[in-house]
Amino acid sequence: MVGEDRVIMSVKELRRGPVIRHAMEKTLTQVEAGALVGLTARHVRRLIQRVRQEGDRGLAHRGRGKPSNRRIAAPLKTKGLKLYAQPYGDFGPTLAAEKLAERHGITLSDETLRLWLRAAGVAHFQRRKRPHRSRRERKPHVGELVQRDGSHQDWLEGRGPHGVLMAYSDDASSRVSARCYEYEGTIPAMDSFQRYVTRSGIPLAVYADKHSTYRSPAEPTLEASRAGTAPQSQCGRALGELGVALIPAHSPQAKGRVERLFGTFQDRLIKEMRRAGGATLDEANRFLENYLPLYNQRLTVQPAQATDLHRSRPAGCALGRILCIKTTRCLRKDFTVAHQGRLYQIHDTLRATHVLVEERVEGTMRLTHKGRALASHAITSRPVKAAAVKPVPPPRRPVTPRPD
């Protein structure tokens, strides 16, 4: 309350005025009036008495404008700020409050200390503003964006080896495609994507994390920097050849749908596979082939647009030639190529200094040059050079020193 002719009230107190007047005029009982404004009948009687004595001023809270009865004493506040300034000047409020209670017996909440320090002009501890993250709406079309990730989990609960569940979730419909692998690497990523393309088609974009499988950690060379290109992983190169945009996610929250999918699978899928009793990754994959259609039938959503933007997969064996590990190797003068500690003899005669080694997801390998497959065979044994016999030096004659 300020002055003689001015009353400060909250909205809650202002709403009580007409109800209290009706209770004073007997048009409402005190119990009914209390139920309307959330007060007990006893407090209604107290307010009626105040209004009769003071008018509308009696509806205002008695403690407004006065110091709180629960305030911390001024000497204790002064002591706390003095201690903070000397040994804890670079501490944050949370840690400083813990040390004040632990070492000096001054019990404060961290928020109380934060307000004191802010009022005193100490602001070096202020938290950095977090970037605003607005909710991203789903893509309207199926195949416009697919979220991909791998979950490392004991999916078989000790009955078999630990594995990685490679999952694909369509952003528009939440339709899921998944398969278990021994590890998260280039070959499992390409094999799982090849199976996805065979089943659904080629999407426009893939949303993945910054795992080295998808994003190369190599530093760009001087020539690449001049050309404005960045190093690519094998997966990035394959997706580029298929015309699929690879979008790196800067946080797990960015690809939240596939992350929440793993939370669901770690609860439901593990229990379902426990009932099925699978003990190997092959048995787990056979179970997924029957489980995922039922899961998608229940939990997929209707996309905003009916158009499916998946493109048809390449005809023939073109998909396998793209989704593979490609490595450039030097061609020696005897038409041999060294790769991963083995030597391969090329039967074709060609004018080239380098050939391309393609390692397929099914485990096969072939050598190519300008898209043409080269006939070759692995050299299983090499001639062993005879060990050179080192000459034995003659024994040295002893040297007798002169008497002087």
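First, a word on what this report is: a plain description of the structure on this page.

Scoring rules and cut-offs
Residues numbered from 1 in each chain as written. Predicted model: local features only at pLDDT ≥ 70, side-chain atom pairs only at ≥ 80, totals over all residues. Heavy atoms only, no water. Salt bridge = Lys/Arg side-chain N within 4 Å of Asp/Glu carboxyl O. Buried < 20%, exposed > 50% of the residue type's maximum accessible area, 1.4 Å probe, protein only. Core = buried A, V, L, I, M, F, W, Y, C linked by side-chain atoms within 4.5 Å. Helix = DSSP H or I, 4+ residues; strand = E, 2+ residues; numbered from the N terminus. Pairing = 2+ DSSP bridges. Axes fitted to C-alpha atoms, helices over the stretch in contact; angles between N-to-C directions.

Under the defined criterion, the tally for this structure stands at 19 salt bridges. Across the pair glutamate 259 and lysine 255 runs a salt bridge, and its minimum N-O distance is 2.5 Å. A relative accessible area of 28% means that glutamate 259 is categorised as partly exposed. The class of lysine 255 is buried, set by a relative accessible area of 2%.

Of all hydrophobic cores here, the largest spans 23 residues; its most connected members are Met166, Met190, Phe193, Tyr214, Leu242, Val244 and Leu323. Looking at this core, the elements that each hand over two or more residues are β2 (163–170), α7 (186–200), β4 (205–208), α9 (234–242) and α12 (318–322). It is α7 that contributes the most residues to this core, five residues altogether. Grouped together as the second largest cluster of nonpolar side chains are 21 residues, Cys180, Phe262, Phe287 and Tyr291 included.

Take the environment of aspartate 90 next. Checked against the element boundaries, aspartate 90 lands in the loop between α4 (74–85) and α5 (93–104). Using a relative accessible area of 64% as the deciding quantity, one classes aspartate 90 as exposed. Considering only alpha carbons, one finds aspartate 90 and aspartate 170, 80 residues apart in sequence, at a separation of 48 Å.

Read across the open sheet, the five strands follow the order β3-β2-β1-β4-β5; overall the sheet is mixed. Edge positions in the sheet fall to β3 (176–181) and β5 (245–248), since each of these pairs with one other strand and no more. Averaged over all pairs of adjacent strands, the angle between strand axes in this sheet comes to 25°, irrespective of strand direction. As judged from the eight bridges shared by strand β1 (residues 146–153) and β2, these two strands associate in the antiparallel manner. Within β2, the position partnered with aspartate 149 by the bridge is alanine 167.

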